[in-house]
There are 2 protein chains.
Amino acid sequence: MNPDLRKEREAATFNTELLTHILDGGSERTRRRREIESLVIGDPDFCHEDANFLSRSERYEAAVKKSALMIMKMREYGISDPEEIYYYKCCVHRGRPEPLDLHLGMFLPTLLNQASPEQQDTFFMPAWNLEIIGTYAQTEIGHGTHIRALETTATFDPATQEFVLNSPTVSSIKWWPGGLGKTSNHAIVLAQLYTQGQYHGLHAFIVPIRAMGTHEPLPGVVVGDIGPKFGFDEIDNGFLKLENVRIPRENMLMKYAKVEPDGRYIKPPSDKLTYGTMVFIRSMIVGESAKAISKACIIAIRYSAVRRQSELRPGEPEPQILDYQTQQFKLLPLLATAYAFHFVGQYMRQTYHRITGDINLGDFSELPELHALSAGLKAFTTWVASAGIEVCRMSCGGHGYSHCSSLPSIYVNFTPTCTYEGENTVMMLQTARYLLKSYTQASAGQKVSGMVSYLNEMSQQRLQPQQVSARNSTVNLKDLSSLVEAYKIRASRLVELAAKSLQTELQLMKTKEDAWNHCSIDLVRASDAHCHFVIVKLFCSKLAEVEDTAVHAALYSLAHLYALHGVYQNSGDFLQAGLLTVPQLTQVTQQLKELLYQIRPNSIALVDAFDYRDEMLNSVLGRYDGNVYDNMFEWARKSPLNQTEVHNSFYKYLKPLQSKL
Amino acid sequence: MNPDLRKEREAATFNTELLTHILDGGSERTRRRREIESLVIGDPDFCHEDANFLSRSERYEAAVKKSALMIMKMREYGISDPEEIYYYKCCVHRGRPEPLDLHLGMFLPTLLNQASPEQQDTFFMPAWNLEIIGTYAQTEIGHGTHIRALETTATFDPATQEFVLNSPTVSSIKWWPGGLGKTSNHAIVLAQLYTQGQYHGLHAFIVPIRAMGTHEPLPGVVVGDIGPKFGFDEIDNGFLKLENVRIPRENMLMKYAKVEPDGRYIKPPSDKLTYGTMVFIRSMIVGESAKAISKACIIAIRYSAVRRQSELRPGEPEPQILDYQTQQFKLLPLLATAYAFHFVGQYMRQTYHRITGDINLGDFSELPELHALSAGLKAFTTWVASAGIEVCRMSCGGHGYSHCSSLPSIYVNFTPTCTYEGENTVMMLQTARYLLKSYTQASAGQKVSGMVSYLNEMSQQRLQPQQVSARNSTVNLKDLSSLVEAYKIRASRLVELAAKSLQTELQLMKTKEDAWNHCSIDLVRASDAHCHFVIVKLFCSKLAEVEDTAVHAALYSLAHLYALHGVYQNSGDFLQAGLLTVPQLTQVTQQLKELLYQIRPNSIALVDAFDYRDEMLNSVLGRYDGNVYDNMFEWARKSPLNQTEVHNSFYKYLKPLQSKL
């Protein structure tokens, strides 16, 4: 073990293991997680060559191999709980996406939720046994966010009892679905339904795309890989062009909407029945943000304790770079962010399960808020984590660029979350719509509940205008609950500001859509402030659950740092809201420096507590034992360019050139 | 041509060609640039397969091939002016780094600057003719920024008249030099010199590493590629371990320092003689930042004019996404940034040449400021451009992730500028050192000159404390020169704040190094504000040179947007300095929205003016003709995964699995 890391660990003020239990949600869950990890990591079948040294085709193939083995082994071990499947899958693929993701995560669940009982009989078991490998094809090359504009058509032909599917234009080609290019033999295709000459909107159809047995594309199907991307090298994101492809009437998913044999269309009982999956996935992404930024922090902070550079005191050895204030200022707020996002992720998961329970009991009341919150938090956390990973990478100097650090791979495989499952700006605007609706209700004296309940207070304030400034006494920077209060008031001010901006625009613009567009900067800003408040508040609430004093103290400092750093970065907002005075700004910096100083000795223990095994982290810089340089040299020697001492290009191009000049 | 793009171009309020001349620095330079571009782009020898479809080894080989051809052809065409060589090289490699970069950019110039006349006779012509292919090996696996800590040793042995070079530890292995892994047969190695038992610090040695003719590594030399990285796939960044490698005494670069045959060491006349190259490269990087962010803006803005999505007005066709305020707010400030950085790059190039002229006449007076400015601006512009490229990429939705957009490649090949040639935080602190020195001088009544001359005014203000608030009347948001003034005062305040913070720490800390470290957050902030001021000021000054009224108006709006957007993002600073009042904040947003509205109709013309040919941009999304989707489909079909309809992994893993489940 690197002596610096050993010293850091010995000096920690709390028991790392206790904190790991809190992060996992209990010691039993820690135990089981580790058990599953050991199952995979100790399994020689899952040993693998470093993916960084493979071509894309080889990476895809290695992933298919692992996915196939994984399915076999999970059945063997009887792993069937969704969360355990997720752990197992995550270990097998080391947190990378894999070719069966859409089959397991979208195709099967969509069958369960939207297929009629007869359809489940027909399709589910073959899909469960991977005779049918499916994907979910919605997005088209020219259409993403606005699903009403999708162009793929499904026209019912009563003569043959078939739907005829078509991609009428280049812009209507299905584009991006994972596993579509090479892996799947079926796709759930979202298409505009026409029957009896009438248009009935978007519906889902099970379309066979490759022949069972030979896996060759079926007639009328043009299918393939969309080419290399930023990350996702293991995935065959694909395209699909349908040319008069006929499928039986029974292949339309008919649990809710139906087309009868005579072509009659029967409407679904509600149009919000697919709402849940979307909310679920976005809630999960909040947890993914926490994971991604945690991994990046582990690597950057461990490496910063190992790397020594320059001179702080003349004559003394080079200091650990973690002792530089600028390095702490880059990394420790991100470490605090990682913790904040973990707890918010836990909250979202719990809330989702609670509300799903309510929904099953017929109570939909909390769904709109969860919908709005999951959209905004998905956007907020993925943006912050995505940018944060890059800060971590660059804080490692040159070595952060090497694939042996794993940081490039963490970035490219995480950053797509900013776009998929709801483009972030669109998400922020959805949250804003909810905030403005709540604002209007609160203004009208209706009580709003949940995370937006602060809007009730605001509306009271407006009724007594004299009290506003009295209420907004400035924040106490040393008190976390005072900071939470400040975030709340900031959010409420920015929601109000956006609402007023919208009112002004409504008086000027032709349509309410134009007015909305003309104040969308303000709307996004309001959503951002709302999400920021929610995160600070949830982090703070979590502290109340922590019993161990030493762990509590360590987490309290992190929560304090998280809140204060946000004030520093958004000082204009807090000044504007009268929550902060100009002289206090200097205190913000001073207080931040003190917190960095306080957290610094615990920083290694705080990243250790995330409990990522080296095999999962796969980073030479982030190794638990800190033996960075020997392992980096060993890794480099395996680079494919080192397979021969002299590269072919020397004989082909350099040597002939030398003789000509 | 896409009809939307045609309409955009027709509606522009200025002549694009005139603006291109301004960007190039004159119509004659535009003409010559285009001439050189045509030479390469029309040359069938340089036609190439899309690099995105190649393995790293193939990409390296393709680059070596092009580099070899390029050297031949430049000699053939008689291209020898450094700037023209740069253009030509850039076209051949489409702006990507290439294996001979270090040979051309570091090895040859170092020979010219640091080799004695006899050494030039020996080494220069062979290097010019590529018998000797060289690189520059300074950084070690465990040592970067702090070059005094480099561990490689060169010990003079008078018995054989040789230096003996050694890498005594793993951490001393040379690491990262471009072209070192496979391409070079020589390296200029920076090593700690020992002679007659005395240590004499870091010196440069020409070390043969591979045999002429066979290209096999020489005895005692362990050399190879350091493995795949984030970007730079064409480059064989390498490692070099030296084990008692002996080189003749004549291989130490001896223009300045010398070791005599008896081992006597002769000191160089000055230790600042290598200062210039560093300043030059950093100044050039400012221009590279401008190029990178320009390319990203061209792609994102053209695509945003082509892509239509969602609904603004019910019943109307989907709008161009460039009509969304949130999209404008992402992209147009970056477009303004691209212009700002172009003009700052021009200024740095001109200033460098002017000061080099002065230096040749023995006048070193302006060198320290240029050194400080190039460090800070290198950091400021690379950070902003790097983050900005990602904003552009994400503004393109899913397609921004595809390599066919070119955005991932622009990012990964540009982001290393944040680290190489001086790590950005270190750079900011170097600038801060200069600012604080100037502040101390100004405070003591000495007049400081150049970009920091505002510190003189500040010192006058302090003498008349009553006038401070009078002077800082709030900014006029509609007046660009008032904004420049505000940036100046902000910078001066933050320099003062950092200085005071340092004074406070000095009273508390043991050493001045500790004190410096404890206020480094404030120091970086001061440098950042200084650089920001310089950029706003230079952009504003440039406007005075623009004669054409229409072009002037278009650029004025951009400069205004650039300045105002910075106020929006750093409103806390401006409020703190009393330059802005709380009620004005709403006006800032309002004014920003008006500028977006004003610039929107010119945005395509403004990106066209950068005059990047499609062949250079290499982006399906950024095509001049806007025919995005057809070309994307065509591109995807060439993906290596589509070479066969059924991927091998089906037969190997999926089919066997299906039969087992």
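Source: prediction; values computed, not measured.

### So, the UniProt feature "domain: Acyl-CoA oxidase/dehydrogenase middle" (unreviewed entry) in chain A
Then, in step 1: Annotation from UniProt places "domain: Acyl-CoA oxidase/dehydrogenase middle" (unreviewed entry) at residues 136-245 of chain A.
Then, in step 2: Across residues 136-245 of chain A, helical content stands at 0% and strand content at 42%; the span's end C-alpha atoms are separated by 17 Å.

### Some points on the pairing of strand β3 (residues 162-166) of chain B
All names here are of chain B.
Then, in step 1: The pairing of strand β2 (residues 153-157) with β3 spans 5 bridges and is classified as antiparallel. Across the sheet, the residue bridging to Ala154 is Leu165, located in β3.
Then, in step 2: Joining the antiparallel neighbours β2 and β3 is a turn of 4 residues, in which Gln161 adopts a positive phi near 60°.
Then, in step 3: Strand direction decides the pairing type here: β3 and strand β9 (residues 245-248), joined by 4 bridges, are antiparallel. Bridging from a neighbouring strand, Leu165 pairs with Val245 of β9.

### A word on the side chain of Asn413 of chain B
All names here are of chain B.
Then, in step 1: Mapped onto the elements, Asn413 comes out in helix α11 (residues 407-414).
Then, in step 2: Residue class for Asn413 comes out buried when judged on its relative accessible area of 14%.
Then, in step 3: Here Phe232 takes part through its backbone nitrogen, which lies 2.8 Å from a polar atom of the side chain of Asn413.
Then, in step 4: For Asn413, the residues in contact, after removing those within four places along its chain, are Arg96, Pro97, Gly231 and Phe232.

### Some points on helix α11 (residues 407-414) of chain A
Then, in step 1: Among the 8 residues in α11 of chain A, 8 count as buried, and that is most of the element.
Then, in step 2: Of all the positions in α11 of chain A, only Leu407, Pro408, Ser409, Ile410, Tyr411, Val412, Asn413 and Phe414 of chain A are classed as buried.

### A few points about the sheet that holds strand β4 (residues 174-175) of chain A
Then, in step 1: Taking strand neighbours across the sheet as the criterion, the 3 strands line up as β4-β8-β7 (chain A) in an open arrangement whose pairing is antiparallel. Each of the sheet's edge strands pairs with one partner strand only, and the pair in question is β4 and β7 (221-225) of chain A.
Then, in step 2: Examined bridge by bridge, β7 of chain A and strand β8 (residues 238-242) of chain A share 5 bridges and lie antiparallel to one another. By the bridge assignment for β8 of chain A, Asp225 of chain A is matched with Gly238 of chain A.
Then, in step 3: Sitting on the sheet, helix α23 (residues 628-637) of chain B touches β4, β7 and β8 of chain A, and the angle it makes with β8 of chain A is about 115°.

### Describing the relation of the copies chain A and chain B
Then, in step 1: Between the two copies, chain A and chain B, the superposition gives an RMSD of 0.0 Å; the rotation angle is 180° and the shift along the axis is 0.0 Å. What the rotation and shift describe, once combined, is the action of a two-fold rotation axis. It is Gly572 of chain A whose C-alpha, among those of chain A, lies nearest the rotation axis, at 2.0 Å.
Then, in step 2: When the interface residues of chain A are mapped onto chain B, 100% of them again lie at the interface, so the same face is used by both copies.

### A word on the packing of aromatic side chains
Then, in step 1: Applying the stated rule across the entire model yields 44 aromatic pairs over all chains.
Then, in step 2: Taken together, a centroid distance of 6.4 Å and an interplanar angle of 65° make the contact between Phe232 of chain A and Tyr420 of chain A edge-to-face. Of this pair, Phe232 of chain A sits in the loop between β7 and β8 while Tyr420 of chain A is found in the loop between α11 and α12 (424-443), placing the two residues 188 residues apart along the sequence.
Then, in step 3: Here Phe232 of chain A falls in the buried class, since its relative accessible area comes to 14%.
Then, in step 4: Look at Tyr420 of chain A and you get partly exposed, because its relative accessible area is 34%.
Then, in step 5: Ring centres of Phe650 of chain B and Tyr651 of chain B lie 5.6 Å apart, and the angle between their planes is 75°; this geometry places the pair in the edge-to-face category.
Then, in step 6: A relative accessible area of 2% places Phe650 of chain B in the buried class.
Then, in step 7: Given the relative accessible area of 42%, Tyr651 of chain B is considered partly exposed.

Cut-offs and rules
Per chain, residues are indexed from 1 in the order of the written sequence. Lettering of chains starts at A and numbering of ligands starts at 1, both following the order in which they are written. Where totals are concerned, whole chains, interfaces and linings use all residues; where local detail is concerned, this predicted model gives features only for residues with pLDDT of at least 70, and gives and counts side-chain atom pairs only at 80 or more. The side-chain values count all of the structure's non-hydrogen atoms but skip hydrogen atoms and water molecules. UniProt positions are given in the numbering used here, feature names are shortened, and annotations may be inferred rather than shown by experiment. Secondary structure elements are defined from DSSP: runs of H or I of at least 4 residues count as helices, runs of E of at least 2 residues count as strands, and each element is numbered from the N terminus. When DSSP locates at least two bridges between a pair of strands, those strands are taken to pair. Here the term buried applies to any residue with accessible area under 20% of the maximum for its type, exposed to any over 50%, and partly exposed to those in between, with areas from a 1.4 Å probe on protein chains only. Pairs of N or O atoms within 3.5 Å make up the polar contacts considered here, provided that, within protein, one atom can donate a hydrogen while the other can accept it, and that residues adjacent in sequence are counted only when both atoms are side-chain atoms. Contacts were defined at the residue level, with two residues in contact if any of their heavy atoms lie within 4.5 Å. Here an axis means a line fitted to C-alpha atoms, over the contact stretch when the element is a helix, while the angle between two N-to-C directions is reported on a 0 to 180 degree scale. A least-squares superposition brings the copies together, and it is based on the C-alpha atoms of residues with pLDDT no lower than 70 in both. Two aromatic rings, drawn from Phe, Tyr or Trp (for Trp, its six-membered ring), form a pair once their centres lie within 6.5 Å of each other, and the interplanar angle then sorts them: stacked below 30 degrees, edge-to-face above 60, tilted otherwise.

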